[in-house]
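# A structural walkthrough
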Amino acid sequence: LLSAPTWPSATLLAVASLLRDLPPAYRSRVPAFLGKILSLLPSADAQDLPAIAYQLLLLASKPLHPRAVLAGLLRFFGGRRGARVRAPPSIARQVEGTVLLNFAFVVKQDPVLAREVLAAVKADAAGALSGFAVAVLLSVARVRRFNEGAVGVLRDAAAVSRRDYRMSR
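Cut-offs used in this document
- Residues numbered from 1 in each chain as written.
- Predicted model: local features only at pLDDT ≥ 70, side-chain atom pairs only at ≥ 80, totals over all residues.
- Heavy atoms only, no water.
- Axes fitted to C-alpha atoms, helices over the stretch in contact; angles between N-to-C directions.
- Helix = DSSP H or I, 4+ residues; strand = E, 2+ residues; numbered from the N terminus.
- Parallel < 35°, antiparallel > 145°, perpendicular 65-115°, else oblique.
- Left-handed = near helix turned anticlockwise from the far one by under 90°.
- Contact = heavy atoms within 4.5 Å.
- Nonpolar A, V, L, I, M, F, W, Y, C, P; charged D, E, K, R; others polar.
- Salt bridge = Lys/Arg side-chain N within 4 Å of Asp/Glu carboxyl O.
- Buried < 20%, exposed > 50% of the residue type's maximum accessible area, 1.4 Å probe, protein only.
- Phe/Tyr/Trp six-rings, centres within 6.5 Å; stacked < 30°, edge-to-face > 60°.
- Core = buried A, V, L, I, M, F, W, Y, C linked by side-chain atoms within 4.5 Å.

What follows concerns the packing of helix H1 (residues 9–19) against helix H3 (residues 49–61). Their axes nearest at 8 Å, the elements H1 and H3 cross at an angle of 15 degrees. The angle between the axes of H1 and H3 places the two elements in the roughly parallel class. Taken as a pair, H1 and H3 cross one another with a handedness that is left-handed. Contacts from Ser9, Leu12, Leu13, Ala16, Ser17 and Leu19 of H1 reach H3 at Ala51, Ile52, Gln55, Leu56 and Leu59. Residue composition of the contact of H1 with H3, by class: eight nonpolar, three polar and no charged.

Here it is in structure tokens:
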């Protein structure tokens, strides 16, 4: 399965949902499957992306490589609009909105995952924050105990951006 060059969207969804239920003896294979799923997201059907992202978020809520899952989703959906999701811009926005709702729901349900989201965005914020990452941070900020941390990440990113801008002039 891992050696196949591409998978249909239905297979991506099925494998993503099956990874959560792997017996402990086979959990060493999760990173390989996770890498394959994340690498095949650009070729997935737009209508299947929210369900795949939700299954990956559920996988991250189990302590199975949450940072890799979150970083991969933020990288994929944080790309230039339309460059990642193969759909017209209006459909791409709807897909991103649904995935954002999935992030908000999972973060409200699992405080550990909210900390992981903050850490993944901080780690990825070395470059510029994408609009999707900002939206994820704002949805995390709605949870009272993570408000200060999420706003702090946004504030730090804005300060670094301003400093870099001043240095470039």
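A separate point is the pattern of salt bridges. Under the counting rule described, the total for this entry stands at three salt bridges. The closest approach of N and O atoms between Asp45 and Arg86, which form a salt bridge, is 3.9 Å. With Asp45 in the loop between helix H2 (30–40) and H3 and Arg86 in the loop between helix H4 (66–77) and helix H5 (89–109), the pair connects residues that are 41 residues apart, well separated along the chain. In this structure, Arg67 and Glu116 form a salt bridge, with 2.9 Å as the shortest nitrogen-oxygen distance. Highlighted residues: Arg67 in helix H4 and Glu116 in helix H6 (residues 111–124), separated in sequence by 49 residues. Looking at Arg67, the relative accessible area reads 42%, which means it is partly exposed.

Here we come to the packing of aromatic side chains. Taken as a whole and judged by the stated rule, the model has four aromatic pairs. Ring centres of Phe76 and Phe77 lie 4.7 Å apart, and the angle between their planes is 80 degrees; on these two criteria the pair is classed as edge-to-face. Neither Phe76 nor Phe77 differs from the other in exposure class; each is buried. Each residue in the set Phe76, Phe77, Phe103 and Phe132 is aromatic and connected to the rest through ring pairs, giving one cluster.

So, about the nonpolar core. One finds Ile37, Leu56, Leu73, Phe77 and Phe103 to be the most contacted residues of the largest nonpolar core, which totals 52 residues. Counting only elements with at least two residues in this core, the list comes to H1, H2, H3, H4, H5, H6, helix H7 (131–141) and helix H8 (147–168). Broken down by element, this core gets its largest block of residues, seven residues, from H3. With residues near it in sequence (within four places) discarded, Leu73 still touches Leu38, Leu41, Ala53, Leu56, Leu57, Gly78 and Phe103.

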